[in-house]
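# Breakdown of the fold
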Amino acid sequence: MDGTTETGAAGYKRVMLKISGEALMGDQGFGLHPPTVERIAREVQSVHETGVEICMVIGGGNIFRGLQGSAQGMERTTADYMGMLATVMNALAMQGALESLGLHTRVISAIPMDQVCEPYIRRRAVRHLEKKRVVIFAAGTGNPYFTTDTAATLRASEMSCEAIFKGTKVDGVYDKDPMAHDDAVRYDRISYDDVLSKHLKVMDASAIALARENGLPIVVFSLDEPGGFRGVLAGTATHTRVG
Ligand code: UDP
């Protein structure tokens, strides 16, 4: 492990929290809902207090998705860059919420924008984590045709995170959509290959394949559950472990 310090909650030293942009919009259909951003920031604070080093990747789907833009006639790469910029807005919103709780944070962008946040320099990001700053990785991978799920997997691998915690609206991975089917069954554990072959919506296929190659577990849990992030790190909250 590269430069991590002593162990925090449930034996984890360093983790990646991936949330979609939509998690920040609350019950609105679009954009940011400040009380929801603050609620998630408190979840992060509660884990940070236990001594775990925390990386975050936040999507941009609450503001802009490249695929939707290109479906409306926009050039795909331009639309994807707009999506990446949306993730920077979300990262700044989360940074503000975390800092108002007294945490130290850094936003690090895959697309340099020096007046707004730091550029991505791996060793510098590791140093921030060692100093117990929450590091929010923005602008995805910096490349079009990717998603923030892949960005989270990539950065988690580069930062030697022990697992990716994917906070969603449901408490794990189900054999079919639990919102639409009462008889949907949740998996406690599932392999990367089964996620891919059964086309389960955990993360996109390139993110799953990258996690598999790097032996990086993905833990899916409900971010709507109060104390869910801390609970899943401690192994007490319901979740599915992919790996
Ligand atoms: N995006 C991209 N490259 C990346 C990450 C994101 O082009 O490495 C763009 C892509 O257009 C995507 C948008 O940013 O639709 C928002 O990210 P994502 O869809 O992953 O957000 P989420 O669904 O997690 O909110």
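Refer to the preceding data block for the structure.
This is a predicted model, so every value here is computed, not measured.

### Considerations on the pairing of strand E2 (residues 53-58)
For E2, the buried fraction is high: six of the six residues fall into the buried class. Of the two faces of E2, the one carrying Glu53, Cys55 and Val57 and the one carrying Ile54, Met56 and Ile58 are both buried. Between the parallel elements strand E1 (residues 14-19) and E2, the chain passes through helix H1 (residues 34-48) in a crossover that is right-handed.

### Re helix H7 (residues 205-213)
Residues of H7 that are buried include every one of Ala207, Ile208, Ala209 and Ala211, and no others. Residues of H7 that are buried make contact with helix H5 (148-158), helix H6 (192-197) and strand E10 (218-222). Phi turns positive, to about 60°, at Gly215, one or two residues after H7.

### Topic: the site of the ligand
In the vicinity of the ligand, 20 residues are found, and the nearest of them are Arg65, Asp80, Thr141, Asn143 and Thr148. At 2.5 Å, a side-chain N or O of Arg65 approaches an oxygen atom of the ligand. Contact between the ligand and Asp80: an oxygen atom at 2.5 Å from a side-chain N or O atom of the residue. Protein contact buries 92% of the 520 Å² of open area that the ligand shows by itself.

### Let's talk about unusual backbone geometry
Non-glycine residue Tyr145 carries a positive phi angle of around 70°. Of note, the phi angle at His199 is positive, near 55°, even though the residue is not glycine. By the element assignment, His199 lies in the loop between H6 and H7. What makes His199 exposed here is its relative accessible area of 68%.

### Some details on the packing of H5 against H7
Where H5 meets H7, the closest approach of the two axes is 8 Å, and the angle between their N-to-C directions is 15°. It follows that H5 is roughly parallel to H7 by the angle criterion. Regarding H5 and H7, the two cross each other, and that crossing is left-handed. Across the interface between the two elements, Asp149, Thr150, Thr153 and Leu154 of H5 pack against Ser206, Ala207, Leu210 and Ala211 of H7. Classifying every residue of the contact of H5 with H7 by side-chain character gives four nonpolar, three polar and one charged.

Reading guide: rules and limits
- Residues numbered from 1 in each chain as written.
- Predicted model: local features only at pLDDT ≥ 70, side-chain atom pairs only at ≥ 80, totals over all residues.
- Heavy atoms only, no water.
- Buried < 20%, exposed > 50% of the residue type's maximum accessible area, 1.4 Å probe, protein only.
- Helix = DSSP H or I, 4+ residues; strand = E, 2+ residues; numbered from the N terminus.
- Right-handed = clockwise from strand over helix to strand, strands pointing away.
- Contact = heavy atoms within 4.5 Å.
- Near = heavy atom within 4 Å.
- Polar contact = N/O pair within 3.5 Å; in protein donor to acceptor, adjacent residues only side chain to side chain.
- Areas by Shrake-Rupley, 256 points an atom, 1.4 Å probe, with all protein chains shown as cover.
- Axes fitted to C-alpha atoms, helices over the stretch in contact; angles between N-to-C directions.
- Parallel < 35°, antiparallel > 145°, perpendicular 65-115°, else oblique.
- Left-handed = near helix turned anticlockwise from the far one by under 90°.
- Nonpolar A, V, L, I, M, F, W, Y, C, P; charged D, E, K, R; others polar.

By themselves these figures say nothing about function.
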